[in-house]
Structures are given as C-alpha cells and as structure tokens.
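Chain by chain, the residues:
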Amino acid sequence: MNTPFVIDYKPHLGKKTDYGIGLIGTGGIVQYAHIPAYRKAGFNIVACYDLNPETARKVAQEHGIATVYDSLDALLNDPAVEIVDIAVPPWEQLKIVRQVAAAGKHMLCQKPLSESFAEAQEIVRMAKEAGVKQAINQQMRWDAGIRASKNLIEQGVIGQPTDAQIAVSVLTPWHMWPWLASAPHLEIMFHSIHYLDALRFLFGDPEWVTSRHARYPKQAPVQGESKTITVLDYASGLQAMTNVNHYNEYAEPYATFRFLGTEGAITGTIGLMYNYPTGRPDTLEITSEHYGKGVKITPTLDEMWIPDAFVGTMAGLMEAIETDTQPRDNSTEDNLNTLRVAHAAYLSAAENRSVRPSEVK
Ligand SMILES: NC(=O)c1ccc[n+]([C@@H]2O[C@H](COP(=O)([O-])OP(=O)(O)OC[C@H]3O[C@@H](n4cnc5c(N)ncnc54)[C@H](O)[C@@H]3O)[C@@H](O)[C@H]2O)c1
C-alpha cells in the first residue's frame, strides 16, 4: 500500500551551495562526519586550521583541502572563507566565536554551544551583535527517522501526540573523546542533548523536566553520569522520556524511538547507535487510523545520521545566509532552549525535584 502522506526526510539545499567553508578544528568528527557530508553535498571546503598543525596538514592532504592555515587569524583574513565551521571541545568555542564574529564571518558551531549556559548565551549574543548568521550542528533533527517522524506528525498521522520515548542501551566508545573522561557532566550534556533537542523539534518546549542519573561501577576513568532517565511533561498532557545507558556490556544493544498518539504510532530504530560512528540506516514503522486498521507502513530510509544529517545543519546555515533569515531549524538562539532543558535535567537530578526549563537563566 502506498502511503497517502509525504515522507520527506532528506536535507533541502538552497540555490547557492558554493560558499567557501573554513574548518576550525580537524579532529574526529570533522574527519568522519563533516568532510564526508560536505563532499557528498558538493559543498566547497576552502581552508582549515587546527591547534595541532600536523592534524590540519594530514587532513588537508587526505581530503584535498587547498589551504592550511597556521593561525585562526590567518584563516579569518582569507576572503575565500565565507562560513567558519567550528568543531573543537566546547570550552574552546567561545573565544573562537568572538574572533569569528569580529571578522564578520558566518558560522556553524558544534554542540554543545558551551557547558556553561551563560557562555552559550554570550556566544549567541556575539553573533547577533556582529550581524552574522550563526547555526548549531545539532544534527539529529536531520536524522532520517526523526525528520520523517516530524513530517508525519505535522501531517496528523498519529493524531495528538500522547507518549514519546527514546530508549538507548549500548556500549559507547568513550575512548574516542579522551577529553570527555574528566567531564563532570557527561551523558546529558554530550549525548542525550541530541535526543532532548529532537524531542523539542518534534513536540516543542516541555513544562517540566525530571531527570535521574547514575554511573556504572566499571566506567573509570570516565567520571560523569553515564546512565540517565529524563521525563519531559508537556502542557498538552504529552509525556516524553529518554532512557539511555552507555554501559550495556552484555545484553543485546538497542536504540529505539516510539511516538504514540490518539490516531496512530511511529516507531523506529536509530541506526547510528548500533555501531558508532559507522552505524546503519534508521528503520521506521507507521500505524495509523488513516491507513486502515492493522496496516503497517515500513518505508525504507536510505540515508544515515553520519554523514547525511551533517549536510542538513550546514544547508540550514547556507539557506539562512542566502535568504537573510535566521536558520529555520538550527538557530543557536533556539538551541539555548535545548540547553535550558539539559541544565534543567542536571538541576532536577541534583535537587531531586522537577524543574521548569525557564528556571535556567
Ligand atoms: N554533533 C555531533 O554529533 C558530535 C559528535 C562528536 C563530537 N562532537 C563535538 O565536536 C567537537 C569536536 O569533537 P571531536 O570528536 O572532533 O574531538 P577531537 O578531540 O577528535 O578533535 C578536536 C580537535 O580540535 C582541535 N582544537 C582544540 N582546540 C582548538 C582551538 N582552540 N583551535 C583550533 N583547533 C582546536 C584539536 O587539536 C583537535 O584536533 C566537540 O565539541 C564535540 O562535542 C559533536
């Protein structure tokens, strides 16, 4: 049976896609996600810079990037660089944004904007004052299963959303990010922030956040929380939950989403989490009054979180530049509300209570 609904999950590119991109930081995520995505989309990487010049040179050579700069200033002085793509540890981001904004360049920031909410607000303010476009690379909004769910929910396929769950139980390769081992805030700030942002993308801002956090006895040297359960209560009565465990050493791994409503349900798997960073395509299963009783629709999603969703975040910034608007789906201003939910989760866990996101100032 053909679905009567449009399932449109691929990133949309604007008319102009040849903006010169300068990469700041050429570490893991840039090598296995940003560059493959931009190559696939035909974007124009013109230069790169990394604090570690050897890394920058090696990456430039391997990926055919014409110019390697030995300072941020030098990259910012290059008129061919129109967009700066920042991918450094979060505590480095503020000072880089300050220089990028002063140079009058548009920028794509990495998530989290900062671990400090005050710093994140400053990052947003600096771009606004400089009159440059600033977007966030919070790309699960372009993950195929989530984007498909978004357009199906908007078309009324599940009716009124009542119950949303993202449940992940995997063995995460934390060694890929040695600098995260000492982070006091780990799971929510660096991982579930994707799920919280995806839930906000699908359902808007919750009224209340309730979160419980735990550690795994054998997780040393990793210090922060590695298992969390977070409940978002919405004014509509919708209840959403993320339930995430990064130390599933023995049981079958899973990474699933379930969005239930008064007229149907969407369920699926988050392919990336089965074998990070290689992953596999997401799966999707839709049941709806609108299809008829007992009918299940299982469209094939042929794009992957890595690299395809990374096309979406950069395309979102390019569209904002071309149309002189705020990025539609990934403005840093909107992302402050995702950070509010993340900080509310920490406050909730620390104080054993439910917290309104608006408490986070
Ligand atoms: N969006 C996602 O799904 C996703 C996934 C993984 C990582 N990340 C984020 O991307 C960022 C980078 O992560 P990674 O995994 O590539 O880490 P990484 O350690 O592999 O790479 C970071 C790179 O930044 C460079 N660097 C550090 N400070 C710098 C500075 N001031 N100027 C220029 N270069 C500098 C380092 O030399 C290194 O090469 C982090 O903020 C992380 O949270 C996002």
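For the structure, check the block above.
Residues numbered from 1 in each chain as written. Predicted model: local features only at pLDDT ≥ 70, side-chain atom pairs only at ≥ 80, totals over all residues. Heavy atoms only, no water.

Asker: Explain the site of the ligand to me, please; I cannot follow it from the model alone.
Answerer: Around the ligand, the surrounding shell holds 24 residues, and the nearest of these are Gly28, Asp50, Val88, Glu92 and Gln139. One nitrogen or oxygen atom from the side chain of aspartate 50 is found 2.6 Å from an oxygen atom belonging to the ligand. Lysine 111 is positioned such that a nitrogen or oxygen atom in its backbone is 3.3 Å from an oxygen atom of the ligand. For the ligand, whose unbound accessible area comes to 850 Å², protein coverage reaches 87%. Among the secondary structure elements, those contributing two or more residues to the shell around the ligand are helix H1 (28–41) and helix H7 (187–203). Of the residues assigned to the shell around the ligand, the class counts are 13 nonpolar, eight polar and three charged. (Near = heavy atom within 4 Å. Polar contact = N/O pair within 3.5 Å; in protein donor to acceptor, adjacent residues only side chain to side chain. Areas by Shrake-Rupley, 256 points an atom, 1.4 Å probe, with all protein chains shown as cover. Helix = DSSP H or I, 4+ residues; strand = E, 2+ residues; numbered from the N terminus. Nonpolar A, V, L, I, M, F, W, Y, C, P; charged D, E, K, R; others polar.)

Asker: Got a minute to help me understand the sheet that holds strand E14 (residues 296–297) in this structure?
Answerer: In a beta sheet, neighbouring strands are held together by backbone hydrogen bonds and run either parallel or antiparallel to one another. One open sheet accounts for eight strands, arranged E8-E9-E10-E7-E11-E12-E13-E14; its pairing is mixed. The strands lining the two open edges of the sheet, one partner per strand, are strand E8 (208–214) and E14. Pairing of strand E13 (residues 283–288) with E14, which is carried by two bridges, proceeds in the antiparallel orientation. Looking at E14, one finds that threonine 287 is bridged to lysine 296. Strands in contact with helix H9 (residues 332–351) are E8 and strand E9 (227–233); relative to E8, the strand with the most contacts, it is inclined by about 60°. (Pairing = 2+ DSSP bridges. Contact = heavy atoms within 4.5 Å. Axes fitted to C-alpha atoms, helices over the stretch in contact; angles between N-to-C directions.)

Asker: Got a minute to help me understand the nonpolar core in this structure?
Answerer: Generally speaking, nonpolar side chains in soluble globular proteins are found buried as a group. Formed by 119 residues in total, the largest nonpolar core has its most connected members in Met107, Phe259 and Ile270. Broken down by element, the residue count for this core peaks at eleven residues, all from H7. (Core = buried A, V, L, I, M, F, W, Y, C linked by side-chain atoms within 4.5 Å. Buried < 20%, exposed > 50% of the residue type's maximum accessible area, 1.4 Å probe, protein only.)

Asker: I keep staring at the pairing of E9 and nothing clicks. Help me out?
Answerer: The pairing of E8 with E9 spans seven bridges and is classified as antiparallel. Paired with threonine 210 across the bridge in E9 is valine 231. Here E9 pairs with strand E10 (residues 239–245) via seven bridges, running antiparallel. Considered in E10, the bridge of aspartate 233 is made with glutamine 239. Linking two consecutive strands that pair antiparallel, namely E9 and E10, is a turn of five residues; a positive phi of about 105° is found at glycine 237 within it.

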